[in-house]
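# Structural characterization, general
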Amino acid sequence: MTDVNFKPAISPVPRDSDIAQGGQARNDEGPVPYDLIELLFFAYKDFTGDPDEVLAKFEFGRAHHRVLHFVERNPGIMVTDLLGILRITKQSLGRVLKQLVDAGIIEQREGMNDRRQRLLYTTDRGHTLAENLAHLQQKRLERALIGLPDGSEDIVRQFLLQMIDPEARVDILKLVRSPFPLKD
C-alpha cells in the first residue's frame, strides 16, 4: 500500500531564474546533501527488506507490516486510532485488515462499552510474526550501532525525531515508547 500523506512540493520545476551555473537549481541553504538523501533511501530499503522477504511468504507487503506492528504494540487499538497513526484511508486499511484477519494474524473485538467499536489485537500467530519481524529489524539496528561511540543510540533517536514534522512530534512521542526520554 502506498502512503497517501503527500505534501505539495514548494517548487516542483525550477524556474529559469532559479537555475544556477552548471544547470543546478539554486539553493540558498547550501548544497543539497544528496549523499544523506541517498543513504537514507538505501538504509530504508534494507531496513524494510528483511521483513519484506518474510511477509512475501504470506503474500503480504509493507502495509500489512505497518498495521501488524502498530496493533502488536498497541493491543486493543481502535480502528479509528490506527487510521490516525498510519494516515491512510479507511478503504486502504479495510483491505489490508481483512487479509490479516482472514489469515488469522489479527482479530477484531467489540468494545466493552460500545459494541460499535472495533478493537484490534494480534492473535498468537500474529504476535509470533510481529516479534520475528521486529527481531530482524533489531538485528539490523544493532549491526549499525556496533562500533559507534557511546551515546550514539540517543543521537540517532534525536536525529530521527528531528526528521519528523515539528507539529507531529508530540503525538509521535506519546506513541513511541523509548527507553530514554527524547527531547522535543
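The sections below set out a description of the structure shown in this document. (Residues numbered from 1 in each chain as written. Predicted model: local features only at pLDDT ≥ 70, side-chain atom pairs only at ≥ 80, totals over all residues. Heavy atoms only, no water.)

## Observations concerning the environment of V156
Positionally, V156 belongs in helix α6 (residues 152–163). The partly exposed category is assigned to V156, whose relative accessible area is 35%. Sequence-wise, V156 and L145 are 11 residues apart; in three dimensions their C-alpha atoms are separated by 9.2 Å. (Helix = DSSP H or I, 4+ residues; strand = E, 2+ residues; numbered from the N terminus. Buried < 20%, exposed > 50% of the residue type's maximum accessible area, 1.4 Å probe, protein only.)

## Regarding helix α3 (residues 79–86)
Residues of α3 that are buried include every one of V79, L82, L83 and L86, and no others. Buried residues of α3, viewed axially, fall in a sector of 105 degrees; they line one side. Across α3 from its buried face, at more than 90 degrees, point the exposed residues T80 and G84. Two residues or fewer after α3 comes R87, characterised by a positive phi angle close to 55 degrees. (Arc of directions from axis to C-beta.)

## So, a nonpolar patch on the surface
Taken together, the side chains of V32, Y34, I37, F41 and F42 define a hydrophobic patch exposed on the protein surface, amounting to about 520 Å² of accessible area. Along the chain, F41 turns up in helix α1 (residues 34–56). You can call F41 exposed: its relative accessible area is 60%. (Patch = residues over 30% accessible without salt bridge, like charges linked within 9 Å, V, L, I, M, F, W, Y side chains within 5 Å. Areas by Shrake-Rupley, 256 points an atom, 1.4 Å probe, with all protein chains shown as cover. Salt bridge = Lys/Arg side-chain N within 4 Å of Asp/Glu carboxyl O.)

## Regarding unusual backbone geometry
Of all residues except glycine, most have a negative phi; of all peptide bonds, most are trans. Look at E59: it is not a glycine, yet its phi comes out positive at around 60 degrees. Here E59 shows up in the loop between α1 and α2 (62–73). Its identity is not glycine, yet R87 carries a phi of approximately 55 degrees, on the positive side. On the basis of relative accessibility, which here comes to 53%, the residue R87 falls in the exposed class.

## A few points about the environment of V54
In this fold, V54 is placed in helix α1. Sequence spacing of V54 and L133 is 79 residues, and the spatial spacing of their C-alpha atoms is 7.7 Å. Beyond its immediate chain neighbours, meaning those up to four positions away, V54 contacts L129, L133 and L136. (Contact = heavy atoms within 4.5 Å.)

## Brief notes about α2
Compared with an ideal rise of 1.5 Å per residue, which puts 12 residues at 16 Å, α2 spans 16 Å between its outermost C-alpha atoms and is within 8% of the ideal. Within α2, burial applies to A63, H64, H65, V67, L68, V71 and E72. (Expected span 1.5 Å × (residues − 1).)

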